[in-house]
Amino acid sequence: MSKKDDQPTKATKIESKYNPTLLRECIKNNESASEIMTKLGIAHKQTLKQYVLKLISDDRHFYEVRGMYVKSSTRPKVNKNNEIKLYLKNLGLEELQLVEGDEFTVMVENGSIVLTKIEH
């Protein structure tokens with residue numbers, strides 16, 4: 001018999017990262033949603049929202065988390081592939097009249113990324 005056969009099979013159970021004491025402390029210290037997610041090891045903002053709602057229900061006290069309800073679609077961020085994707089409709093850039101195939105130059109000025117449309 002191999003070692004694998006000697007051990008009883010168990011279904012793996014994913015443990016919740018809900019920690020009401022740490023969550024409450026983070027909220028009282030006015031930490032942002034992303035800071036709290038890092039401390040609790042949470043990958044999705046929706047999970048944090050569920051944890052905060054559970055804490056509100058348990059404590060019967062309203063808690064507000066800074067940055068939890070910020071629309072992320074209007075705040076592009078670098079993804080795991082080191083890419084930034086811009087969705088023009090979400091950014092309100094309709095007046096630029098951009099069409100498929102438009103090209104841009106990219107420059108960095110004083111810590112800002114500047115896109116300039118190339119006119120053909």
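No experiment lies behind these values; they were computed from the predicted model shown. (Residues numbered from 1 in each chain as written. Predicted model: local features only at pLDDT ≥ 70, side-chain atom pairs only at ≥ 80, totals over all residues. Heavy atoms only, no water.)

Peer 1: What is the right way to look at the overall build of the protein chain in this model?
Peer 2: Looking only at helices and strands, the protein chain has five helices and two strands in total. Shown N-terminal to C-terminal, the secondary structure of the protein chain runs as helices and strands in the order α-α-α-α-α-β-β. Evaluated residue by residue, the protein chain yields a buried proportion of 16% over its 120 residues. Put simply, of all contacts in the protein chain between residues at least 6 apart along the chain, 34% involve residues at least 24 apart. With the model as given, the accessible surface of the protein chain reaches about 10,400 Å², and the carbon-plus-sulfur share is 51%. (Helix = DSSP H or I, 4+ residues; strand = E, 2+ residues; numbered from the N terminus. Buried < 20%, exposed > 50% of the residue type's maximum accessible area, 1.4 Å probe, protein only. Contact = heavy atoms within 4.5 Å. Areas by Shrake-Rupley, 256 points an atom, 1.4 Å probe, with all protein chains shown as cover.)

Peer 1: In this structure, what is going on with the packing of helix H2 (residues 20-28) against helix H3 (residues 33-40)? I would like to understand it.
Peer 2: To describe two helices that pack against each other, one gives the angle between their axes and the distance between the axes. Axis separation between H2 and H3 bottoms out at 10 Å; the angle between their running directions is 155°. Taken as axis vectors, H2 and H3 run roughly antiparallel relative to one another. For H2 against H3, the interelement crossing comes out right-handed. Contacts between H2 and H3 involve Leu22, Leu23, Cys26 and Ile27 from the first element and Ile36, Lys39 and Leu40 from the second. Residue composition of the contact of H2 with H3, by class: six nonpolar, no polar and one charged. (Axes fitted to C-alpha atoms, helices over the stretch in contact; angles between N-to-C directions. Parallel < 35°, antiparallel > 145°, perpendicular 65-115°, else oblique. Left-handed = near helix turned anticlockwise from the far one by under 90°. Nonpolar A, V, L, I, M, F, W, Y, C, P; charged D, E, K, R; others polar.)

Peer 1: Got a minute to help me understand the packing of H2 against helix H4 (residues 45-59) in this structure?
Peer 2: Their axes nearest at 11 Å, the elements H2 and H4 cross at an angle of 95°. Looking at the two axes, H2 sits roughly perpendicular to H4. Contacts between H2 and H4 involve Pro20, Leu23, Arg24 and Ile27 from the former and Leu48, Tyr51, Val52, Leu55 and Asp59 from the latter. Here the contact of H2 with H4 is composed, by residue class, of seven nonpolar, no polar and two charged.

Peer 1: Whenever I open this one, the pattern of salt bridges confuses me. Can you help?
Peer 2: Should the charged atoms of two oppositely charged side chains come close, the side chains can pair. According to the stated counting rule, one finds four salt bridges in the structure shown. For Arg66, the salt bridge identified is with Glu35, shortest N-O distance 3.8 Å. One end of the pair, Arg66, is in the loop between H4 and helix H5 (88-91); the other, Glu35, is in helix H3, with 31 residues separating them in the sequence. For Arg66, a relative accessible area of 43% corresponds to the partly exposed category. Judged by its relative accessible area of 40%, Glu35 is partly exposed. Between Lys117 and Asp102 there is a salt bridge, and its shortest N-O distance comes to 3.5 Å. Remark: Asp102 occurs in the loop between H5 and strand E1 (104-109) and Lys117 occurs in strand E2 (residues 112-117); sequence separation between them is 15 residues. (Salt bridge = Lys/Arg side-chain N within 4 Å of Asp/Glu carboxyl O.)

Peer 1: Where do I start with the nonpolar core in this structure?
Peer 2: One recurring pattern in soluble globular proteins is that nonpolar side chains are buried together. By size, the foremost hydrophobic cluster in this structure holds 17 residues, and its most contacted members are Leu23, Ile27, Ile36, Leu48, Val52 and Val65. Among the secondary structure elements, those contributing two or more residues to this core are H2, H3 and H4. Looking at which element gives the most residues to this core, the answer is H4, with five residues. The contacts of Val52, once residues within four sequence positions are left out, are Leu23, Ile27, Tyr63, Val65 and Met68. (Core = buried A, V, L, I, M, F, W, Y, C linked by side-chain atoms within 4.5 Å.)

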